[in-house]
Amino acid sequence: MERQLILTIGRQYGSNGHEIGVKLAQYLHVECYDKAKLIQISKGTDHYEEMKAFYEERPVNSLLFAISMNQIQPHSHEIPFTRIQQLFQEKSGILIGRCGNAIFRKNQRAVRIFIHADPDIRQQRIAQWEQISLKKAARRMQEVDEERMAFHRYFANECWGQADRYEICLDSGILGVDGCVQTIINYLRGRGLLA
């Protein structure tokens, strides 16, 4: 890949959005920036604690944390958004979650993607991943999605998962992981971002 290409992937819990991002990164020969990778990068920096909370997509429900963020910058998103923009300054890559659609909204080389699936399918996946009952998986799915919604509202000041905030919204329950990957690749080619 010669020119810069940034893919951001928002995802419902249990939709396999992370796996889709990893497979796309392998296909495109680019780095996939997920929670673990971003935390590893931020270790040892001046803003590690703030960045760690952001990279973990933790909803900000700590008053002290919110106050400390606002004392550093007038807007809660400026430090983490700037750090991620710097990370992608001259290289291609895939960003999983972390308000990527908001961070790169004005970047012409960025494609904002949202992955979702039917709740029953997601519950089955979560139950299998976490080795828990379907009932617990349903609660877990709701908790994680609510946390992501609160996180997105706090940092991006917008509704998480809303279709008009993304270029592509795909149902992984219908397409599967490989079908989503192929659809995204076809879209990139159709948009002239990939040869």
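What you are looking at is a predicted structure, and each value in this text was computed from that prediction instead of being measured. (Residues numbered from 1 in each chain as written. Predicted model: local features only at pLDDT ≥ 70, side-chain atom pairs only at ≥ 80, totals over all residues. Heavy atoms only, no water.)

Details of empty space enclosed by the protein
The criterion, for reference: Cavities and pockets are found on a 1 Å grid laid over the protein atoms alone: a cavity is a set of points where a 1.4 Å probe fits but cannot escape, a pocket is an open set with protein on both sides within 12 Å along at least five of seven lines, and a lining residue has an atom within 4 Å of such a point. Grid points are joined across faces, edges and corners, and a volume is the space filled by probe spheres set on the points. Helical segments are the DSSP runs of H or I of at least four residues, strand segments are the runs of E of at least two, and each set is numbered from the N terminus. When residues are grouped by polarity, Ala, Val, Leu, Ile, Met, Phe, Trp, Tyr, Cys and Pro land in nonpolar, Asp, Glu, Lys and Arg in charged, and all others, Gly among them, in polar.
Throughout the structure, instances matching the rule amount to 1 cavity of 30 Å³ or more. Within this model, the largest cavity holds a volume of roughly 90 Å³. Taken together, 15 residues line the largest cavity, and the ones lying closest to its centre are Gly10, Gly97, Arg98, Cys99 and His152. For the lining of the largest cavity, the secondary structure elements donating two or more residues are β1 (6–11), α6 (100–103) and α8 (134–156). The biggest single contributor to the lining of the largest cavity is β1, with 4 residues. Each residue belonging to the lining of the largest cavity can be placed in one class, and the counts come to 5 nonpolar, 6 polar and 4 charged.

Re the sheet that holds strand β3 (residues 93–96)
Note the following rule: The pairing criterion for strands is at least two bridges between them, as found by DSSP. Each axis is a line fitted through C-alpha atoms, and for a helix only the stretch in contact is used; angles between axes span 0 to 180 degrees, taken between their N-to-C directions. What makes two residues a contact is simply this: any of their non-hydrogen atoms within 4.5 Å.
What the 5 strands build is an open sheet, ordered β2-β3-β1-β4-β5; its pairing is parallel. Bordering the open sheet on either side are β2 (31–33) and β5 (168–171), each of which pairs with just one other strand. Between one strand and the next, the sheet's axes are offset by a mean angle of 20°, whatever the strand orientation. Pairing analysis gives 4 bridges linking β1 to β3, with the strands arranged parallel. Note on β3: the bridge partner recorded for leucine 7 is isoleucine 94. Sitting on the sheet, helix α2 (residues 35–42) touches β2 and β3, and the angle it makes with β2 is about 90°. Its contacts with the sheet place helix α9 (residues 172–190) against β1, β4 (110–116) and β5, and it is angled at close to 150° to β5.

Some remarks on the side chain of arginine 11
Using the following cut-off: Here's how the labels work: a residue is buried when its accessible area is under 20% of the maximum for its type, exposed when over 50%, partly exposed in between, all with a 1.4 Å probe on protein chains only.
Relative to the helices and strands, arginine 11 is located in strand β1. With a relative accessible area of 8%, arginine 11 lands in the buried category. Ignoring anything within four residues of it in the chain, the contact list for arginine 11 reads Gly17, Glu57, Ile96, Gly97, Arg98, Phe114, Ile115, Arg148 and Trp160.

Focus on the nonpolar core
For clarity, the cut-off: We define a nonpolar core as any set of buried Ala, Val, Leu, Ile, Met, Phe, Trp, Tyr and Cys residues linked to one another through side-chain atoms lying within 4.5 Å.
Core analysis: the largest hydrophobic core is formed by 24 residues, its most contacted members being Leu7, Ile20, Leu24, Ile94, Ile113, Ile184 and Leu188. Of all elements in the fold, only β1, α1 (17–28), β3, β4, β5 and α9 reach the threshold of two or more residues within this core. Counting residues per element, this core draws most heavily on α9, at 6 residues. Phe88, Ala102, Ile103 and Phe104 belong to the second-largest nonpolar core, a separate cluster that totals 22 residues.

Quick notes on α1
Structurally, the α-helix is built with 3.6 residues per turn, so residues lying three or four positions apart point the same way. Heads up, the condition is: Here the expected span of a helix is defined as 1.5 Å times the quantity of residues minus one. Arc, as used here, means the arc of the directions from the helix axis to the C-beta atoms.
Across its 12 residues, α1 extends 16 Å between first and last C-alpha, which sits within 8% of the 16 Å expected from 1.5 Å per residue. Within the span of α1, buried status applies to Gly17, Ile20, Gly21, Leu24, Ala25 and Leu28. End-on view of α1: buried residues confined to an arc of 135°, all on one side of the axis. Turning to α1, the residues buried within the fold contact β1, β2, β3, β4 and α9. Just past α1, the residue histidine 29 takes up positive phi, approximately 60°.

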